[in-house]
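Tertiary structure, described
Spelled out from the first residue to the last, the chains are:
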Amino acid sequence: MNSTLFFILSGEHETLPPAEVMAVLESEGINYKNVRLSPKVLILEAKQDCLPTVVSRAGMCEVAGRLVLKCRDNEREIIETAAALPFYDFLQPGDTFSVRVHRVSGSSRHLQKMELQSRIGEVISRLAGGSKVDLKNPEKEFVGVISQGYFVLGYVTAKRQDQGAPLRRPQRRPVTHPSTIKPRLARCFVNLSRARKGGLLIDPFCGTGGILIEAGVMGCRAVGLDLDPQMILKATKNLRHFNLEHVGLAVADSRKAPYLEAPSIATDPPYGRGASTQGSELADLLAEFMAEARSVMQHDGFLCIAAPLKIKVKEIGLDAGLNVVEDHIARVHRSLVREVAVFSRRRRKYEEKVPWKSYS
Ligand SMILES: C[S@@+](CC[C@H](N)C(=O)[O-])C[C@H]1O[C@@H](n2cnc3c(N)ncnc32)[C@H](O)[C@@H]1O
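Please read these numbers as outputs of a predicted model, since none were measured by experiment. (Residues numbered from 1 in each chain as written. Predicted model: local features only at pLDDT ≥ 70, side-chain atom pairs only at ≥ 80, totals over all residues. Heavy atoms only, no water.)

Now for the sheet that holds strand β9 (residues 200–203). One open sheet holds the seven strands; their spatial order is β11-β10-β9-β12-β13-β15-β14, and the pairing between them is mixed. Looking at strand neighbours, the two that pair on one side only are β11 (248–251) and β14 (323–333), the edges of this open sheet. Shown here is a sheet whose adjacent strand axes are inclined to one another by a mean of 15°, direction ignored. The sheet contact formed by strand β13 (residues 297–308) and strand β15 (residues 336–344) spans seven bridges and is antiparallel. Among the inter-strand pairings, leucine 303 is bridged to a residue of β15, identified as phenylalanine 343. (Pairing = 2+ DSSP bridges. Helix = DSSP H or I, 4+ residues; strand = E, 2+ residues; numbered from the N terminus. Axes fitted to C-alpha atoms, helices over the stretch in contact; angles between N-to-C directions.)

As a further point, take the site of the ligand. For the ligand, the set of nearby residues contains 24 residues, the closest of which are Thr180, Thr208, Asp226, Asp253 and Ser254. Threonine 180 is positioned with one of its side-chain polar atoms (N or O) 2.6 Å from an oxygen atom of the ligand. One of the side-chain N or O atoms of aspartate 253 is found 3.0 Å from a nitrogen atom in the ligand. Protein coverage of the free-state accessible area of the ligand, which is 600 Å², stands at 99%. Grouping the constituent residues of the shell around the ligand by class yields 11 nonpolar, eight polar and five charged. (Near = heavy atom within 4 Å. Polar contact = N/O pair within 3.5 Å; in protein donor to acceptor, adjacent residues only side chain to side chain. Areas by Shrake-Rupley, 256 points an atom, 1.4 Å probe, with all protein chains shown as cover. Nonpolar A, V, L, I, M, F, W, Y, C, P; charged D, E, K, R; others polar.)

According to the domain assignment, the chain consists of domain 1 (2–159) and domain 2 (165–353). With centres defined by C-alpha atoms, the gap from domain 1 to domain 2 works out at 33 Å. At the junction of the two partners, domain 1 supplies 21 residues and domain 2 supplies 19 residues. Between domain 1 and domain 2 lies a buried interface of about 1,700 Å² when both sides are counted; carbon and sulfur atoms form 51% of it. (Domains from an automatic or database assignment. Contact = heavy atoms within 4.5 Å. Buried area = accessible area lost by both parts, 1.4 Å probe.)

Moving on to the side chain of arginine 168. Turning to its location among the elements, arginine 168 is positioned in the loop between β8 (150–159) and α5 (183–192). Of note is the side chain of arginine 168, whose polar atom sits 2.7 Å from the side chain of glutamate 214.

This next bit is on the packing of α5 against helix α6 (residues 210–217). One can describe the packing of α5 onto α6 by two numbers: an axis separation of 8 Å at closest approach and a directional angle of 65°. The angle between the axes of α5 and α6 places the two elements in the roughly perpendicular class. Both α5 and α6 take part in a crossing whose hand is right-handed. Facing α5, whose interface residues are Pro183, Ala186, Arg187, Phe189 and Val190, α6 presents Gly210, Ile211, Glu214, Ala215 and Val217. The class makeup of the residues in the contact of α5 with α6 is seven nonpolar, one polar and two charged. (Parallel < 35°, antiparallel > 145°, perpendicular 65-115°, else oblique. Left-handed = near helix turned anticlockwise from the far one by under 90°.)

The next subject is the packing of aromatic side chains. Applying the stated criterion to the full structure yields seven aromatic pairs. When the centroid spacing of 5.9 Å and the interplanar angle of 85° are considered together, the rings of phenylalanine 90 and phenylalanine 142 count as edge-to-face. Of this pair, phenylalanine 90 sits in the loop between α3 (75–83) and β5 (96–103) while phenylalanine 142 sits in strand β7 (residues 140–147), placing them 52 residues apart in sequence. Residue classification places phenylalanine 90 among the buried positions, given a relative accessible area of 10%. A relative accessible area of 1% places phenylalanine 142 in the buried class. (Phe/Tyr/Trp six-rings, centres within 6.5 Å; stacked < 30°, edge-to-face > 60°. Buried < 20%, exposed > 50% of the residue type's maximum accessible area, 1.4 Å probe, protein only.)

Taken across its eight residues, strand β1 (residues 2–9) has six buried, putting it largely inside the fold. Across seven bridges, β1 lies against strand β3 (residues 41–47) in antiparallel orientation. Directly across from phenylalanine 6, in β3, lies its bridge partner isoleucine 43. Bridge analysis of β1 against strand β4 (residues 61–72) gives five bridges, and the strand direction is antiparallel. Residue leucine 5 lies in a different strand from β4, and its bridge partner there is arginine 66.

So, about the packing of α3 against helix α4 (residues 113–127). The description of two helices packed together rests on the angle between their axes and the distance between the axes. At a closest axis distance of 9 Å, the pairing of α3 and α4 adopts a crossing angle of 20°. Our classification of the angle between α3 and α4 gives roughly parallel. Two packed elements cross with a definite hand, and for α3 against α4 that hand is right-handed. Residues Glu75, Ile78, Ile79, Ala82 and Ala83 of α3 pack against Glu115, Leu116, Arg119, Ile120, Val123 and Leu127 of α4. Here the contact of α3 with α4 is composed, by residue class, of eight nonpolar, no polar and three charged.

This part covers unusual backbone geometry. A positive phi is found at asparagine 34, a non-glycine position, where the angle reads about 50°. By the secondary structure assignment, asparagine 34 is in strand β2 (residues 33–38). At serine 108, a residue that is not glycine, the phi angle is positive and equals roughly 40°. Mapped onto the secondary structure, serine 108 falls in the loop between β5 and α4.

Each regular strand carries side chains that alternate between the two faces of the sheet. Pairing of strand β10 (residues 221–226) with β11, which is carried by four bridges, proceeds in the parallel orientation. Paired with leucine 225 across the bridge in β11 is alanine 250. In terms of handedness, the path from β10 via helix α7 (residues 229–241) over to β11 forms a crossover that is right-handed. (Right-handed = clockwise from strand over helix to strand, strands pointing away.)

Set out below in structure tokens:
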């Protein structure tokens, strides 16, 4: 049976975090519907038992659970709505619990977070007889988010356990490079390519291995290619450091793929600033690569790729005969805005599920 679920998203980007959650659901074959999005909060209907899988896989979502209430950012309305809810569904008599409220920056300054936390805590204690607030070591957790005109309260059932992520920061690897991709974004790319545990993922411009590390940790059979033998050496050292010897590496030109069928391709090609295109024009390199990728992509395969906005990677993919699944714009710094595009080989009906045209 479906429940209404909430996902607290990292605020580093508006559309990549919800897209990542939805891509994970899709690659795990989990049906979902009625998607609603506010800044940092994604709400949808799906089976509750999907939550641990989603939270352990997604790089940009750390907490999720069952939605308890969603209403306008009016304290009276919040407390009255809470007071009518069956909190005994979530708490056994005597359970300790916490309520933590976060604010999406700039939202609803008239609401005091601490005040709201303690008033909701009182309501829950009263309704779930005998339950007490314990902020340090609670048995059960509720999380609230004040997000652009709305207040959302959820009961937490899944939290990311992967404390290793900070250890995989580029600065802590044996070898790094200015062009390397950050772990959370790398994980997001892997998920947007609909990779699966045990499934094959290819990064044809792998550099020092940022995407491969995340794919390897997630349990993919990953393979990285790079034209520069030095990069392959560096990636080898990084992958060994994380005991990811199962990830394959080869010196190869991504325009002449040494693989036959790729279900998932996730890649961050050179973008003409430091990372070398080895003498090629970036747009030409990407056009040749994407034509090749299309010929080796599995019928139901996906490609997630980033490029500077001015390169128009979406058009290059369309010219190569690929179908656009989704497209995100990410500002890296003032002079670099990147486009992250996801393509499929097969034409799909996807647009109706994409919620980020309007917040509600
Ligand atoms: C932006 S870097 C990749 C960074 C990587 N994601 C990381 O975490 O280190 C792009 C890489 O593409 C490689 N490259 C350039 N042209 C290539 C080609 N035709 N085939 C394969 N690799 C190529 C470069 O050597 C460089 O290492």
